[in-house]
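In case you want the letters, here they are:
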Amino acid sequence: MRVSWMSTVYQNKPPVVQYGLNSRNYTFTAIGKSFGSYSFLLYESGIMNHVVIGPLEDSTSYYYKCGVGLEEYKFKTPPGVGPSVPVKFAVVGDLGQTGWTESTLAHIGVSNYDVLLFAGDLAYADYYQPYWDSFGELVEPYANARPWMVTSGNHDIEYIPLFVESYRSYNLRWQMPYMESGSDSNLYYSFEVAGAHVLMLAAYADYSKGSVQYKWLQSDLDKVDRSRTPWLIAVLHTPWYNTNHAHQGDGDGMKKAMELMLYEARVDILVTGHVHAYERTTRVYANKVDPCGIMHITVGDGGNREGLARRFRDNPPEWSAFREASFGHAELEIVNATHAHWTWRRNDDDDSVMADELWITTLSAGLSNCVPVKPSVERSFKSESFRVGKGIY
C-alpha cells in the first residue's frame, strides 16, 4: 500500500510511516520519499510525501501514523488474489467538490467496499491549485481507510505551454503503481485484486497504434491469466459508447485504436466518466450487440459542479440498456470466479437509491464460446514494426 500526504513544513529527512495491527502499537516502520513542493504560476504547494508500506496481510486492518503527526488512521487491506475470492468495488467518476459530492462520498463510505475505482476528473481544480488541496481534505476520511485507484480525465490535465507540463498536480499528488505494472507513466497502469485484473487507461495520453501506452497495454494483456484472475475490467475517462448529447464522439479515436484489442482479450466491463449521466450498455462490439463484447458503463456523475447531462438522444440503439441523469455511484461486487453483481445507486434527496442492477457472468467462465484470443491485427502490426526497424520487441 502507498500512503501519501502533504505536509506544510519541510523535514530534512525522509518521510516515515509507522504502522501495526493494534492502535498506538506500531511494530513496523517504512521509509519513503519526499517530492518537495511544486509551483504553479503564483501557487506554491506543500511538501508531498509518498511511502510504500508492507508486505501486508490480506483483508487485515492496520493502524498507522504519518510522519511527525500525532493523528492515527486505520485502513483495511483488500483480499488477496485468487479466482474465487470475493471483492467489492465502489465505482465513481467526475466527483468534484459540491454538496452532491459530499452525498456521494457519504454513501460510498457506508458501502463497506474494498477498493474504489475512479474514472477520472478528480478535483475539478481547472488550474486553480487550492482546489486540489480542498479536494484532498474532502476525500481524506475515505481515501485514508481504503485504497483509491484513480485514472485521469480532461479536467486533470492543466497544461500551460512553456510554463506548466500536463498533469503536474495530478501526478505529484496521486501516484499510482505504474512502475510495478511495467508502465512508464503514472497515467496508465494495472493491478490485481481478488479475481480481477484491472486496467487503468489514459484517454488523454497517446493511445494510437505503436504508442507507448498501446504497446504497454499489449504487453499487460499478454500477462493476464484468466484462470488466476477471471475478471478483466478496464477504466478510462471518455466513453466509447454514449447516447447522451454531451461529448458525442469524444472517445472515438481511442475506441478505433484499442477496441479490437480489448474485445479479443474478452474484457468484461469498461467503466468511464466524462458524460455527467449514467448509462449502461449490453455487451457490444463495433456498434453492434455482441455476446462476446464489452459491457460499457458511464458513471461521470459523482457530483461535479458542471451539473448533469440531462439530454439523451431519441431512439437509442439496441446496445443502450439503461440510462438516466442523476448523481451517484456504482458498486461492483464480484462474488466468485463466474458471477458478479452490479448496482447503480443514485443520490435522491440525500438517500442512496438503487436504480439499476444486474448479474454479470464473466466471459472467461466457460459458460459461453467467448474464449479470449491473441490479437491478430496487433500482432501483425508488431511484426511489421520489427521488420522496418521500429520499436523493440
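For clarity, every value in this text was computed on a predicted model and none was experimentally measured.

A. Region of the structure containing the overall build of the chain. Along the backbone of the chain there are 6 helices and 23 strands. Dimensions of the chain, computed from the C-alpha atoms along their principal axes, are close to 60 × 55 × 50 Å. A total accessible area of about 17,000 Å² is found for the chain, and carbon and sulfur atoms account for 52% of it. Charge centroids of the chain, computed over 34 positive and 45 negative side chains, lie 6 Å from each other.

B. Structural view of the nonpolar core. Membership of the largest hydrophobic core comes to 81 residues, with the highest contact counts inside it found for F89, W174, L262 and W342. Filtering out sequence-adjacent residues up to four positions away, F89 remains in contact with Y113, V115, L117, V193, A196, V198, I233, A330, E331, L332 and I334. In this structure, A30, I53, Y62 and C66 belong to the second largest nonpolar core, which totals 13 residues.

C. Representation of the environment of S364. Its place among the elements puts S364 in the loop between β23 (351–361) and α6 (376–387). Taking the C-alpha atoms as reference points, S364 and A265, 99 residues apart in sequence, are found 9.9 Å from one another. Contact partners of S364, with chain neighbours within four places excluded, come to R226 and P230.

D. The state of the cysteines, seen in detail. Scanning all chains against the criterion turns up 1 disulfide. There is a disulfide in this structure between C292 and C370, and the S-S distance comes to 2.1 Å. On the sign convention where negative means left-handed, the S-S torsion of about -80° between C292 and C370 marks this disulfide as left-handed. On the criterion of sequence distance, the pair formed by C292 in the loop between β18 (288–289) and β19 (294–299) and C370 in the loop between β23 and α6 is long-range, its members being 78 residues apart.

E. Main features of the sheet that holds strand β1 (residues 2–7). Pairing within the open sheet is antiparallel, and its 3 strands lie in the order β1-β7-β4. Strands with a single pairing partner mark the edges of an open sheet, and in this sheet they are β1 and β4 (33–34). Here β4 pairs with strand β7 (residues 47–52) via 2 bridges, running antiparallel. Paired with S34 across the bridge in β7 is N49.

F. Summary view of unusual backbone geometry. With an omega dihedral of 10°, the bond running from G54 to P55 counts as a cis peptide bond. Structurally, P55 can be placed in the loop between β7 and β8 (61–66). Even without a glycine there, the phi angle at N287 is positive, about 70°. Along the chain, the position of N287 falls in the loop between β17 (278–285) and β18. Note on N287: relative accessible area 46%, which makes it partly exposed.

G. Fine view of the sheet that holds strand β9 (residues 72–76). With antiparallel pairing, the 4 strands of this open sheet are ordered in space as β3-β2-β8-β9. Each edge of the sheet is formed by a strand with only one pairing partner; in this case those strands are β3 (28–31) and β9. Direction aside, the axes of adjacent strands within the sheet are offset by 30° on average. In this structure, strand β2 (residues 16–20) lies alongside β8, joined through 4 bridges in antiparallel fashion. Following the sheet pairing, V17 is matched in β8 by C66.

Rules used in this analysis
- Each chain has its residues counted from 1, running along the sequence as written.
- Local features in this predicted model are restricted to residues of pLDDT 70 or higher, and side-chain atom pairs are both shown and tallied only at a pLDDT of 80 or more, whereas totals for entire chains, interfaces and linings draw on every residue.
- Calculated side-chain values reflect all of the structure's heavy atoms, with hydrogen atoms and water omitted.
- Segments assigned H or I by DSSP are reported as helices when at least four residues long, segments assigned E as strands when at least two residues long, and all are numbered from the N terminus.
- Here the accessible surface of atoms and residues is derived via Shrake-Rupley with a 1.4 Å probe, and residues count as covered only by protein chains that are part of the display.
- Residues counted as positive are Lys and Arg, residues counted as negative are Asp and Glu, and His and the chain ends are not counted.
- Where a charge lies is defined by one atom per residue type, namely NZ (Lys), CZ (Arg), CG (Asp) and CD (Glu).
- To define a nonpolar core, start from buried Ala, Val, Leu, Ile, Met, Phe, Trp, Tyr and Cys residues and group those joined through side-chain atoms within 4.5 Å.
- Partly exposed residues are those whose accessible area sits between 20% and 50% of the maximum for their type, while under 20% is buried and over 50% is exposed, using a 1.4 Å probe and protein chains only.
- Between two residues, a contact is recorded if the distance between any of their heavy atoms is within 4.5 Å.
- Here, two cysteine sulfur atoms that lie within 2.5 Å of each other are counted as a disulfide.
- Here, any two strands with at least 2 DSSP bridges between them count as paired.
- Angles shown run from 0 to 180 degrees and are taken between the N-to-C directions of axes, each axis being a line fitted to C-alpha atoms and, for helices, limited to the stretch in contact.

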